[in-house]
Every structure is written in structure tokens, then in C-alpha cells.
Amino acid sequence: MKVGIIGAGRIGTALARHFTRAGHQVRLANSHDPQTLAPLVGELGENASAGTPQEAADFGDVVVLAVQWSQKESAAASVSSWEGKVVLTPVNPLRDTPGGIEVIDTGGRRPSEIVASLVPGARLVKGFNTYLAQVLAEDPAVDGGRRVVLLAGDDAQAKRMVAELATSCGFQPVDTGTLAEGGPLFETGGPLAGPRPALIAL
């Protein structure tokens, strides 16, 4: 599969490593010149390349929006049209502060609802958001089982594509239903929300 990843921070990099190891083609983008990603692309190997956010979006069968919550508007605006694109978002309304991770007030709106409003026409899937970046980067095989990736989305085919990606990397995807049904379960503040050391399927 071809995967465009917009955002080369800890989450984007962790997913890029998993996807390239599984044999998928990845095109990474950040808010800077693609040349700034040359060291990471070199480390990831022949399955990785760098481009602009627009090029990453055009490249991917699945496009991952893996940016900080504060960067979501500018990242979404860097792509001319999201119509029909399968978009995976692991974005949580969190920010790092000197006192630790702080939850950002979303005014009662679900995080995925807010992201969906920024990518009109996209087939949005929420997932890969319940683990800290350093845990997500680890081998998903744990204690004889596989780390679970919870997914929610309104488009069944889009969820299947993301589930195939997760499975190919060694995770166990679990479909929790639509964004309205599943999102509240594992988005920030939900009963299955992160950060979780491990949710394991045996």
C-alpha cells in the first residue's frame, strides 16, 4: 500500500517505521522543506521518500494526519482537496507543558469531529491514538499477543484499508463502529483512551 504521512514527529515517525518494515511505500512530509527529512528517509530505506504535504496526500492510498493538535489547521490547509481521500488521524487534543501533558478543551466537540471539519470530503478513520509515541514505536508483539489498535470511522472500506495496514505491521485492529459510536470510547477522555502501556489481544 502507498501511505502519505503528514507530520514527521514521534507518532508519524513511529508509524513510518512500522509501515516501511511491512513493505509499504511511505512518503513523509512536514511543515519544512522535504530536504529536512533526508536523514529520516535514509534511515527508513528504499520504501521511504519525502515530499510536500500536497505530494504526500496525492501519493497515499491512505493519508496519515500525524501532527500536534495545535498544527492540525495548518496541516489540513496545506492540501488543496481532501475529497475522497482515506485519512487516518491519531491526533489527540493534548499539549506538552512544563507540568506534563495537558488536555485541551474542545468545547464539548469530539476530536474526530473537529478534524473531520478540517478535511471536508475525506473518509476519516480515527486510530493509533491510544499509545504514547515511544510505546507505539515498539514491537506490537507483547507477551504472546498483539497490541490492539482501536479504529472508528463512517466508511467501511476506509476502515478495512487501515485495518489491513495495522495487521500487516503486527497489530490487532478492532473496529469500534462509526466515529459517533466508537470515537467516544477511545478518544481523549473515553474509557479506553490512552495513554495505555498495552491493550493486548491474545
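Everything numeric here is computed off the predicted structure, so don't read it as measured data.

(A) Quick look at the nonpolar core. Ile5, Phe19, Trp82 and Phe128 are the most contacted members of the largest nonpolar core, which totals 58 residues. In contact with Trp82, not counting residues within four places along its chain, are Ile6, Val63, Ala75, Ala76, Val87, Leu118, Val119, Pro120, Gly121 and Ala122.

(B) Representation of unusual backbone geometry within the structure. Unusually for a residue other than glycine, Phe128 sits at a positive phi of about 60°. Mapped onto the fold, Phe128 is located in the loop between β8 (123-126) and α6 (133-136). Here Phe128 falls in the buried class, since its relative accessible area comes to 3%.

(C) Spotlight on the packing of aromatic side chains. Here the structure, examined in full by the defined rule, presents two aromatic pairs. Both rings, one in Phe19 and one in Phe128, keep their centres 6.4 Å apart while their planes meet at 90°; by these two values the pair is edge-to-face. Of this pair, Phe19 sits in helix α1 (residues 10-21) while Phe128 is found in the loop between β8 and α6, placing the two residues 109 residues apart along the sequence. Each member of the pair, Phe19 as well as Phe128, is classed as buried. For the ring pair Phe128 and Phe171, a centre distance of 5.5 Å and an interplane angle of 85° mean the geometry is edge-to-face. Of this pair, Phe128 sits in the loop between β8 and α6 while Phe171 sits in the loop between α7 (156-168) and β11 (172-175), placing them 43 residues apart in sequence. One aromatic cluster is present, formed by Phe19, Phe128 and Phe171 through successive ring pairs. The side chain of Arg147 reaches across the aromatic face of Tyr131, ending 5.9 Å from its centre.

Cut-offs and rules
Residues numbered from 1 in each chain as written. Predicted model: local features only at pLDDT ≥ 70, side-chain atom pairs only at ≥ 80, totals over all residues. Heavy atoms only, no water. Core = buried A, V, L, I, M, F, W, Y, C linked by side-chain atoms within 4.5 Å. Buried < 20%, exposed > 50% of the residue type's maximum accessible area, 1.4 Å probe, protein only. Contact = heavy atoms within 4.5 Å. Helix = DSSP H or I, 4+ residues; strand = E, 2+ residues; numbered from the N terminus. Phe/Tyr/Trp six-rings, centres within 6.5 Å; stacked < 30°, edge-to-face > 60°. Lys NZ or Arg CZ within 6 Å of the ring centre and 35° of its normal.

Any functional reading would require information that these geometric values do not contain.
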